[in-house]
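Architecture at a glance
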Amino acid sequence: MPDLHKLSVDRFSPRDKQSFAYTTVVKRWPVIITSIVSTLSTECHKLHSSTEPIAAAKIDEGKAIIAKLSQLKHQMGRNGVLEPIERDGGGNIACYNDELARYPEEDRRWFTMNWLFAECYLYRLLRTYFAVTEHWRSFDPFFASKAETYRSSSGAIVHLARALNALLAQPALTDALEAAGSPLEVAFLEMIQADLWGNATDLSLLVDLKYEDLQKLQAVGAKAQAEQAKLILRNDLGEVWALLKTLKGGRVDFVLDNAGFELYTDFILADFLLSTPFVDSIIFHPKAIPWFVSDVLPFDFTWAIDSLLDADFFSKASTPLTGDDKAELAALAKRWKAHVEAGRFQLSVPTDKPLGADGAHGFWTTQYAYQDLPAVAPELLAELQKADLVIFKGDLNYRKLVGDAKWSVTTPFEEALGPLAGKINLVSLRTNKADTICGLPEGIEAKLDAEAPDWRVSGKYAIVSFCPRA
């Protein structure tokens, strides 16, 4: 294994029964595994009436995966040992197995292993169950839930489409660029806050989030944005805007988080950035395998745009689309397709890349914290250094940036980044859904512990943390 960064504090672990890590092992993971079983059962039921020659063989393989999932859930509930991952022809197996081998048995159980490793290991293990089969290796067990959540966000999707289309039609948008509070700065703050709160749609956490909370977090009116800004506990958006204003024909990279509505808000922000004098290319970095339920895969990238042009996709949404709504979405989708064709929107891998394929982008589905990116994936770091700004989306990316460690909340963000600090211009857009956090002003922790004890994990508070390139 490469020489990894040594943290000065411990990582979070389910050993602490008051931690969200413990809640995850006890409640969230069993629910997620059960949902995969339900999805597979539904698919196998459909196959019983299929005339495909492979139907019987596929059903048998599906039943075998279900048996493995049931055994995994059983072992997890009884604090079983994390076993080496079976070779399945994909990447990122040795990195997990080599690190597992370094731990004594007592430290590599579901309730004792550090949370970041165990959670990443879980999704790589789940991938193996599908990858070793003949008929399920290209199947994303989370796609149906990603699609349904995207569909259910139709109201917010249309609202943002109307806002952006109207905004880009304003000839005065780029007036007085250098003035504080310029129209472009105000628009930027609107769009990036919409993107920040878009990750409130993290499906792996919807088992805990009430529907009305989700709707509130997806509210995208100007009044709602102003209210939500009060919930940003660290807000470096001013520094991000100051950097963007120095660019001409710059490149911005997104290290993606969730598919569906959050990816849509990523596109909204990216489209807005391309309309400014500052940026002319956007690179999006997806995951290589189904990851943390709702993360973006290469297929999700093009599907999210194509769905906006699909007259039937939103037909079953709770808020049916009007003719004007469809026209707004069509204008948006056609513009985004033009961006893709012209190379202004680029995926960091081919859009038809098969699940599990090797390559530098596979780093995102390892167990490594991003503090170790310079040592583990120097070629990926070199690629990110071509960007003028790298936007890390969502909670897991933040956890990996700071090592999912038990930092004092006032520890400087730059210190927590370790060897990655100063290597790239980066900003983390994160709604808080896990215990780890740093870079906050004095007094915030005590105030919120008294007023909102679940502030670290509820998703109702956010942080925007920027670190410049040295």
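Criteria and thresholds
Residues numbered from 1 in each chain as written. Predicted model: local features only at pLDDT ≥ 70, side-chain atom pairs only at ≥ 80, totals over all residues. Heavy atoms only, no water. Pairing = 2+ DSSP bridges. Helix = DSSP H or I, 4+ residues; strand = E, 2+ residues; numbered from the N terminus. Axes fitted to C-alpha atoms, helices over the stretch in contact; angles between N-to-C directions. Contact = heavy atoms within 4.5 Å. Salt bridge = Lys/Arg side-chain N within 4 Å of Asp/Glu carboxyl O. Buried < 20%, exposed > 50% of the residue type's maximum accessible area, 1.4 Å probe, protein only. Left-handed = near helix turned anticlockwise from the far one by under 90°. Nonpolar A, V, L, I, M, F, W, Y, C, P; charged D, E, K, R; others polar. Expected span 1.5 Å × (residues − 1). Parallel < 35°, antiparallel > 145°, perpendicular 65-115°, else oblique. Polar contact = N/O pair within 3.5 Å; in protein donor to acceptor, adjacent residues only side chain to side chain.

**Quick notes on the sheet that holds strand β1 (residues 232-235)**
Pairing within the open sheet is mixed, and its 7 strands lie in the order β1-β7-β6-β5-β2-β3-β4. Of all the strands in the sheet, the pair left with one neighbour each is β1 and β4 (345-347). Direction aside, neighbouring strands of the sheet carry axes that sit 15° apart on average. Where β1 and strand β7 (residues 462-467) come together, 3 bridges link them in parallel fashion. Residue pairing in the sheet places Asn235 in a bridge with Val464 of β7. Strands β1, β2 (250-255), β5 (389-393), β6 (426-431) and β7 of the sheet are contacted by helix α7 (residues 183-198), whose axis makes an angle of about 55° with β6. Taken strand by strand, helix α10 (residues 237-244) contacts β1, β2, β3 (279-285), β5, β6 and β7, and its axis lies near 40° from that of β7.

**Focus on the pattern of salt bridges**
Applying the stated criterion across every chain yields a total of 27 salt bridges. Taking the shortest distance from any N to any O, the salt bridge between Asp300 and Lys146 comes out at 2.7 Å. Of this pair, Asp300 sits in helix α12 (residues 298-307) while Lys146 sits in helix α5 (residues 143-152); the two residues are 154 residues apart in sequence, bridging distant segments of the chain. Classification of Lys146 as buried rests on a relative accessible area of 3%. Of the charged contacts in the structure, one is a salt bridge between Lys447 and Glu451, with a shortest N-O distance of 3.1 Å. Placement of both Lys447 and Glu451 in helix α18 (residues 444-451) is noted, with a separation of 4 residues, approximately one turn of the helix. Overlapping salt bridges, with partners in common, bring together Arg28, Glu119, Arg399 and Asp404 in one network.

**Quick word on the packing of helix α6 (residues 154-168) against helix α13 (residues 323-342)**
The contact between α6 and α13 brings their axes to 9 Å, and the two run at 65°. Crossing handedness for the pair α6 and α13: left-handed. For the pair α6 and α13, contact is made by Ile157, Val158, Ala161, Arg162, Leu164, Asn165 and Leu168 and by Asp324, Asp325, Glu328, Leu329, Ala331, Leu332 and Arg335, respectively. The class makeup of the residues in the contact of α6 with α13 is 8 nonpolar, 1 polar and 5 charged.

**What to know about α6**
Here α6 spans 21 Å end to end across 15 residues, near enough to the 21 Å set by a 1.5 Å rise per residue. Among the residues making up α6, those that are buried are Ser154, Ala156, Ile157, Val158, Leu160, Ala161, Leu164, Asn165 and Leu167. Residues of α6 that are buried sit in contact with α5, α7, α11 (261-274) and α13.

**As for the packing of helix α3 (residues 94-101) against helix α4 (residues 115-131)**
α4 packs onto α3 with a crossing angle of 135° between their chain directions and a minimal axis gap of 11 Å. The angle between α3 and α4 places the two elements in the oblique class. The element α3 and its partner α4 pack so that their crossing is left-handed. Between α3 and α4, the contacting residues are Tyr96, Glu99 and Leu100 on the first element and Phe117, Cys120, Tyr121 and Arg124 on the second. For the contact of α3 with α4, the residue count by class is 5 nonpolar, no polar and 2 charged.

**Focus: the side chain of Asp300**
According to the relative accessible area criterion, Asp300 is buried, its value standing at 3%. Among the polar contacts listed, one links the side chain of Asp300 to the side chain of Lys146, at a separation of 2.7 Å. With residues up to four places along the chain from it excluded, the contact list for Asp300 reads Phe143, Lys146, Ala259, Leu263 and Asp295.

**Some points on the environment of Ala101**
Position of Ala101 among the secondary structure elements: in helix α3. Distance from Ala101 to Asp300, taken between C-alpha atoms, is 35 Å for residues 199 residues apart in sequence.

**Some points on the environment of Leu4**
Tracing the sequence through the fold places Leu4 in the segment before α1 (20-47). Once the C-alpha coordinates of Leu4 and Gln371 are considered, the two residues, 367 residues apart in sequence, prove to be 8.3 Å apart. Once residues within four sequence positions are removed from consideration, Leu4 is found in contact with Arg102, Tyr368, Asp372 and Val376.

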